[in-house]
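Summary of the model geometry
Each chain, written out:
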Amino acid sequence: DSGVTQTPKHLITATGQRVTLRCSPRSGDLSVYWYQQSLDQGLQFLIQYYNGEERAKGNILERFSAQQFPDLHSELNLSSLELGDSALYFCASSRDTSGGPADTQYFGPGTRLTVL
Amino acid sequence: AQSVTQLGSHVSVSEGALVLLRCNYSSSVPPYLFWYVQYPNQGLQLLLKYTSAATLVKGINGFEAEFKKSETSFHLTKPSAHMSDAAEYFCAVMTGSARQLTFGSGTQLTVLP
């Protein structure tokens, strides 16, 4: 158990709908990362938040957005869903001590999204 | 830009045989390198990481990897495969101040009895 929790575990929805994925980082971790794992694209970084602020953006679609709340949990919002958005969405967290070596990212179990 | 190439999307070994999973990186600055393992229906678990200390890195479950700058490689090895090692393995790179991981395409390891 990595200490990172994600809900829900599975999500089945229809095209055009909007869903919210939730992530709770490990206690004390300030950074949250979102990754998408799909058969055709592999594992891709979407977005990073650090202590409530957006820090880095990757291949995140404009239909997708995220935020990190004061209690450090994060939500990934996916809207106008398309069939191609079906994937496993992972959240990871790290201490992210600035100036130090790369902190380990601990991954949650993921949310499997199926768009029908 | 940084990238990672994993040679061989599928590797099969016999139980007790050497495991060798290949990873080559491309980076214009000194990289941090990672190996993660993903068991079926689970998240990613860190096996080991290279952060410019020792070039030979030992990880969990008997795995180790050697950073070779001249070959831009970070291959993962284990002397003797166990059935429980069957999983997908991902090599990843992180550079500079950026903290996001760039993953390779993964290698599915099958361990034959």
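Scroll up to find the structure this text is about.
In short, a report on the structure. All values reported here derive from a predicted model rather than from experimental measurement.

All names here are of chain A. In this structure, Ser74 sits in strand E8 (residues 74-78). For Ser74, a relative accessible area of 0% gives the class buried. One polar contact links Ser74 to Trp34, side chain to side chain, over a distance of 2.9 Å. Apart from residues no more than four positions distant in its own chain, Ser74 is found in contact with Leu21, Arg22, Cys23, Val32, Trp34, Gln67 and Gln68.

Right, let's get into the environment of Leu81 of chain A. Residue and element names in this part refer to chain A. Among the secondary structure elements, Leu81 is positioned in the loop between E8 and strand E9 (87-94). The spacing of Leu81 and Ser24 is 57 residues in sequence and 23 Å in space, taken between C-alpha atoms. Beyond its immediate chain neighbours, meaning those up to four positions away, Leu81 contacts Thr13, Ala14, Thr15, Gly16, Gln17, Val19, Arg63, Leu113 and Val115.

Looking now at the sheet that holds strand E1 (residues 5-7) of chain A. All names here are of chain A. Read from one edge to the other, the open sheet built from four strands follows the order E1-E3-E8-E7, with strand pairing classed as antiparallel. Every other strand in the sheet has two partners, leaving E1 and strand E7 (64-68) as the edge strands with one partner each. Each adjacent strand pair in this sheet contributes to an overall mean axis angle of 15°, direction not counted. Bridge count between strand E3 (residues 19-24) and E8: five bridges; the pairing is antiparallel. Note on E8: the bridge partner recorded for Leu21 is Leu76.

What follows covers the state of the cysteines. Formally, a disulfide is one covalent bond, and it connects the sulfur atom of one cysteine to the sulfur atom of another. Applying the stated criterion across every chain, the model contains two disulfides over all chains. The disulfide partner of Cys23 of chain A is Cys91 of chain A, and the gap between their sulfur atoms is 1.8 Å. Disulfide Cys23 of chain A-Cys91 of chain A: the torsion about the S-S bond is -50°, which places it as left-handed. With Cys23 of chain A in strand E3 and Cys91 of chain A in strand E9, this residue pair connects regions lying 68 residues apart in the sequence. Residue classification places Cys91 of chain A among the buried positions, given a relative accessible area of 0%. The residue that forms a disulfide with Cys23 of chain B is Cys91 of chain B, at a sulfur-sulfur distance of 2.0 Å. Its S-S torsion of about -60° marks the bond between Cys23 of chain B and Cys91 of chain B as left-handed, since a negative value means left-handed. Of the two residues, Cys23 of chain B sits in strand E3 (residues 19-26) while Cys91 of chain B sits in strand E9 (residues 87-95), which places them 68 residues apart along the sequence. Take Cys23 of chain B and Cys91 of chain B: they sit in the same class, and that class is buried.

What follows covers the interface of chain A and chain B. The interface is formed by 19 residues belonging to chain A together with 16 residues belonging to chain B. Together chain A and chain B conceal approximately 1500 Å² of surface at their shared face, both sides included; 55% is due to carbon and sulfur atoms. For the chain A face of the interface with chain B, the top three residues by lost area are Leu43, Ala102 and Phe107 of chain A, together amounting to 36%. Breaking the side of chain A that touches chain B down by element, the ones donating at least two residues are strand E4 (31-38), strand E5 (42-50) and E9 of chain A. Residues of the side of chain A that touches chain B, tallied by class, amount to eleven nonpolar, six polar and two charged.

About the thresholds
- Residues numbered from 1 in each chain as written.
- Chains lettered and ligands numbered in written order.
- Predicted model: local features only at pLDDT ≥ 70, side-chain atom pairs only at ≥ 80, totals over all residues.
- Heavy atoms only, no water.
- Helix = DSSP H or I, 4+ residues; strand = E, 2+ residues; numbered from the N terminus.
- Buried < 20%, exposed > 50% of the residue type's maximum accessible area, 1.4 Å probe, protein only.
- Polar contact = N/O pair within 3.5 Å; in protein donor to acceptor, adjacent residues only side chain to side chain.
- Contact = heavy atoms within 4.5 Å.
- Pairing = 2+ DSSP bridges.
- Axes fitted to C-alpha atoms, helices over the stretch in contact; angles between N-to-C directions.
- Disulfide = S-S within 2.5 Å.
- Buried area = accessible area lost by both parts, 1.4 Å probe.
- Nonpolar A, V, L, I, M, F, W, Y, C, P; charged D, E, K, R; others polar.

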